[in-house]
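Secondary and tertiary structure notes
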Amino acid sequence: SPARRFILDRNFLTRIQEGADKLKSLTEDTLDLITVQAGKLKLTKTSFDIKTVLIETIANVHEKALKKKILIEINTPDKLKLKADLSSFKKAVSKILDFAIQSAEEKSKISIVVKKDPPVDNPPKNHQVVFEILYRGKPLTEKQKAHLFEPFMVAEDILTHKIGAGLALPICKAIIEAHGGTLSIESSKTHGTLFSILTVVGCEVWCVGCRSHTCRS
């Protein structure tokens with residue numbers, strides 16, 4: 001019938017648009033990764049309010065989280081600032097959140113916790129600010145963790161493509177290393193998975209790792 005044909009045509013066009021969007025994203029990610037790995041990433045460091053930037057970053061992934069009924073919570077001190085390249089920082093956090101949303105269970109919670117180390121009102125000059133992005137989902141195996149930051153690595157069954165890191169996490173790793181940091185990951189069935197970003201404020205150094213957390217909406 002004409003109505004059925006219209007629905008089929010609309011679905012077909014929607015899939016074409018989705019494919020085009022994915023291709024555009026892949027092209028942009030490829031260029032980003034090449035730029036960073038070639039040492040040509042330009043870092044313009046500015047001081048910004050961490051909480052404000054995290055709220056803006058979450059807004060960019062809100063629709064994806066909403067589709068899986070995932071709640072994203074922030075727990076961070078007010079007026080806590082960081083000096084880094086704002087665009088790169090937001091991109092790294094956004095891509096980690098994308099992966100967390102894709103990997104997390106439906107109707108669960110992703111928690112972003114930011115804290116000072118040491119946790120005092122007047123910390124030493126080179127004190128640390130720790131970012132933790134925590135979610136609960138299927139744990140990663142040791143083999144998956146070992147290769148997760150390789151371009152186009154697929155964390156789930158390669159036929160299902162349920163959890164594909166693509167270029168997102170390799171870009172995060174490259175951006176963080178460009179700031180003088182490192183990226184690592186831990187994951188377990190008991191606790192889930194946690195990404196943590198460690199910044200040494202006085203030295204403006206980044207360091208990212210992972211651990212686990214239980215979440216629920």
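What comes next concerns the included structure. It should be emphasised that the depicted structure is a prediction, and the values quoted were computed from it without experimental measurement. (Residues numbered from 1 in each chain as written. Predicted model: local features only at pLDDT ≥ 70, side-chain atom pairs only at ≥ 80, totals over all residues. Heavy atoms only, no water.)

A look at the overall build of the protein
In terms of regular secondary structure, the protein is built from five helices and ten strands. Here the contacts in the protein between residues at least 6 apart in sequence split such that 71% fall between residues at least 24 apart. Of the roughly 12600 Å² of accessible surface on the protein, a fraction of 54% belongs to carbon and sulfur atoms. (Helix = DSSP H or I, 4+ residues; strand = E, 2+ residues; numbered from the N terminus. Contact = heavy atoms within 4.5 Å. Areas by Shrake-Rupley, 256 points an atom, 1.4 Å probe, with all protein chains shown as cover.)

Some thoughts on the environment of K138
If you trace the backbone, K138 turns up in the loop between β5 (128-135) and α4 (142-147). When the C-alpha atoms of K138 and S188 are compared, they prove to be 8.4 Å apart, with 50 residues separating the residues in sequence.

So, the packing of aromatic side chains
Going through the model one piece at a time under the given rule, you end up with three aromatic pairs. Ring-pair connections join several aromatic residues into one group, and the members of that group are F48, F89 and F131. (Phe/Tyr/Trp six-rings, centres within 6.5 Å; stacked < 30°, edge-to-face > 60°.)

What about the packing of helix α3 (residues 86-103) against helix α5 (residues 168-178)?
For the pair α3 and α5, interaxial distance at closest approach is 9 Å and the crossing angle is 145 degrees. The handedness of the crossing between α3 and α5 is left-handed. Residue-level inspection shows S88, K91, A92, K95, I96 and F99 of α3 in contact with α5, the latter providing A168, L169, I171, C172 and I175. Tallied by class, the residues present in the contact of α3 with α5 amount to eight nonpolar, one polar and two charged. (Axes fitted to C-alpha atoms, helices over the stretch in contact; angles between N-to-C directions. Left-handed = near helix turned anticlockwise from the far one by under 90°. Nonpolar A, V, L, I, M, F, W, Y, C, P; charged D, E, K, R; others polar.)

Quick word on the side chain of K95
Relative to the assigned elements, K95 resides in helix α3. Once residues within four sequence positions are removed from consideration, K95 is found in contact with D29, A168, I171 and C172.

Points about the nonpolar core
Residues I110 and F131 are the most contacted members of the largest nonpolar core, which totals 43 residues. At eight residues, α3 tops the list of elements feeding residues into this core. (Core = buried A, V, L, I, M, F, W, Y, C linked by side-chain atoms within 4.5 Å. Buried < 20%, exposed > 50% of the residue type's maximum accessible area, 1.4 Å probe, protein only.)

Quick word on the pairing of β5
Taking burial as the measure, the eight residues of β5 include seven buried ones, the bulk of the element. Note that strand β4 (residues 109-117) and β5 share seven bridges and pair antiparallel. Within the sheet, the bridge partner assigned to I112 lies in β5 and is I133. (Pairing = 2+ DSSP bridges.)

Describing the pattern of salt bridges
With the rule as written, the count across this model stands at six salt bridges. K90 is the partner of E56 in a salt bridge, and the nearest nitrogen-oxygen pair spans 3.2 Å. Remark: K90 occurs in helix α3 and E56 occurs in helix α2 (residues 50-67); sequence separation between them is 34 residues. By relative accessible area, E56 is classed as partly exposed at 36%. (Salt bridge = Lys/Arg side-chain N within 4 Å of Asp/Glu carboxyl O.)

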